[in-house]
Amino acid sequence: MFEKVVDVKPVNARSRAIRGQVRRHFEDRSRARGFLVAFEGPDGSGKTTQRKLFKTWLEAGGHDVVTTKWNSSDLIKPIIKSRKTLRALSPEEFSLLHAADFRCRMDQVVLPALWAGKVVIADRFLFTGLARDVARGLEFDRVLKLYQPLVWPDLVLYFSVSAATSKKRVSAMRLPNFYEAGQDVTEIDDPVESYQRFITRVIQEYESLADIFQFTTVDAEQAIGDQHRQIRALFGEAQRRPWSRWNVDAFAEWIAQGWTG
Amino acid sequence: MRVKRGRLIAVDGIDGAALLESARDALAGISRPLRGGVSRWDASGVFQELAMADGEAGILSPRTLLLLYAADLAFRLRWEIRPAIDEGRTIVAAPYVDTAVAFGRAVGLPSAWLANLFRFAPTPADRCLTDAAAARAGCDRDSFVGVMCAGWADRAGVTREHVIHEMVRHLRADQKRRRRGTRPGSRRSPTARRG
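Worth saying up front: this structure is predicted, and the values here are computed from it rather than measured.

**Structural notes on the packing of helix α8 (residues 163–173) of chain A against helix α10 (residues 191–212) of chain A**
Residues and elements named next belong to chain A. Relative to each other, α8 and α10 sit at 135 degrees, their axes nearing to 9 Å. One finds that α8 runs oblique with respect to α10. Handedness of the α8/α10 crossing: right-handed. For the pair formed by α8 and α10, the contact residues are A163, S166, K167, V170 and S171 on the first element and V192, Y195, Q196, I199, T200 and I203 on the second. Tallied by class, the residues present in the contact of α8 with α10 amount to six nonpolar, four polar and one charged.

**Details of the interface of chain B and chain A**
Every contact between the two is made by 28 residues of chain B and, on the other side, 24 residues of chain A. Among the elements that line the side of chain B that touches chain A, the one with the most residues is helix α3 (residues 62–86) of chain B, at nine residues. In terms of residue class, the side of chain B that touches chain A is made up of 18 nonpolar, five polar and five charged.

**Points about the confidence of the model for chain A**
On average, chain A scores 92 in pLDDT, and the residues at 70 or more come to 95%. Scored below 50 in pLDDT, residues 1–10 of chain A makes 18 contacts in the model with residues more than four places away or belonging to other chains.

**Describing the pairing of strand β3 (residues 90–94) of chain B**
Residue and element names in this part refer to chain B. Where burial is concerned, most of β3 is hidden: five out of the five residues are buried. Burial along β3 is two-sided: the residues T90, V92 and A94 and I91 and A93 are all buried. Relative to β3, strand β1 (residues 7–12) is paired through four bridges, and the arrangement is parallel. When the bridges of β3 are listed, I9 appears paired with V92. Summarising the sheet, strand β2 (residues 35–40) and β3 pair through four bridges and their orientation is parallel. Of the residues in β3, the one forming a bridge with S39 is A93.

**Some points on the pairing of strand β1 (residues 35–40) of chain A**
Residues and elements named next belong to chain A. Among the six residues in β1, six count as buried, and that is most of the element. The side-chain alternation of β1 yields two buried faces, one formed by F35, V37 and F39 and the other by L36, A38 and E40. Judged from the five bridges that link them, β1 and strand β3 (residues 119–123) form a sheet pairing that is parallel. By the bridge assignment for β3, L36 is matched with V120.

**With respect to the sheet that holds strand β4 (residues 126–129) of chain B**
All names here are of chain B. On the basis of which strands lie adjacent, the open sheet formed by four strands has the order β2-β3-β1-β4 and parallel pairing. Two strands close off the open sheet at either side, each with one partner strand: β2 and β4. The mean angle between the axes of side-by-side strands here comes to 20 degrees, regardless of whether they run parallel or antiparallel.

The rules behind the values
Residues numbered from 1 in each chain as written. Chains lettered and ligands numbered in written order. Predicted model: local features only at pLDDT ≥ 70, side-chain atom pairs only at ≥ 80, totals over all residues. Axes fitted to C-alpha atoms, helices over the stretch in contact; angles between N-to-C directions. Helix = DSSP H or I, 4+ residues; strand = E, 2+ residues; numbered from the N terminus. Parallel < 35°, antiparallel > 145°, perpendicular 65-115°, else oblique. Left-handed = near helix turned anticlockwise from the far one by under 90°. Contact = placed C-beta atoms within 7 Å. Nonpolar A, V, L, I, M, F, W, Y, C, P; charged D, E, K, R; others polar. pLDDT = per-residue confidence, 0-100. Buried ≥ 20, exposed ≤ 12 C-beta atoms within 10 Å, placed from the backbone. Pairing = 2+ DSSP bridges.

Listed below in structure tokens is the structure:
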């Protein structure tokens, strides 16, 4: 599946040289290897709690850790926020603006940190965009290609909960907001009822993605400590694997645009 | 009574003043009640908001800028272009898709990614390419190329002149290809292939 969506572009001498530079960087065992862990799952699945525990544990172990959250770039987040407040986004605009925010964070936060050998924890990754956009009626293939060149995480942890649990946990603290509840597509006035309907669709999409991209599923209904121990063990196993060769294109484009300074 | 559907005319090119002039020319031949106006880029205000952002918030790559351009185009289609067409009027989009695609190709982005990015945009009933020579003069910081090259081009060692040169080349090549009836990437026309 992944092979089918890797960007293909003409290779000239300069881009060949840059790709060679990226491959040598990936194979160099003398420097720390960048490591990307994506935390995915519906709202209320406990991702943030686990992300914080994992970060504390990594830092205690001497790792240099960078966290990036969904829709958090300094440049594009305010643009999205103002339009969400006005409820002015169509599914297409919603999708494109979130893809732009993601690309911005890839260029400014994720790729520089990985290149420098840091551990990057992504509290939601492109799969969030895919699950939500497809649940809003957009085509899977089109949305996935918006995120090219793809960066393949070393570990994707999918925090699995039922729609009922997600609804219970989210609505216990607050009312879901308009887009979180999918009210732009469900056309249901009650945000909690709309959330239940929308998150059911999102979870269906997540479960398809988990199969296609072989996520590691964490049962988010089990005890917090048990989940944390499982994540530590998974990280230990994944750390022994080399860089994914699928990531060469993304790093090569990033270097070609002068981001490494 | 059924309203006859209107038309979308795409005017593409690099020089902002030339684009507007061509857009007005395109509308001039249409009777006044059927004119739907000119849809210009950044109707959604995305790029204006970016221009006001804190300089320390960083710079955007060509891919990110094109994703934003596409989001703006989706906005224009929803609020300006489709409503005019549904009311039976003719609307001119200046620029539309070709200018953005030419920019993407000029900076080395894959054609397949660009085609996918703008897949939601309907094919215009008519297309017009503004005089490419005018582009050489009109490329200030607020122009399409000026905004799209801000920041990253200096860092990557790419000059605005190079981007303009490449955009003109791609726009002209696409225009020739369309006249011949071939698709990008194919070497022979459908007629030649049949023969």
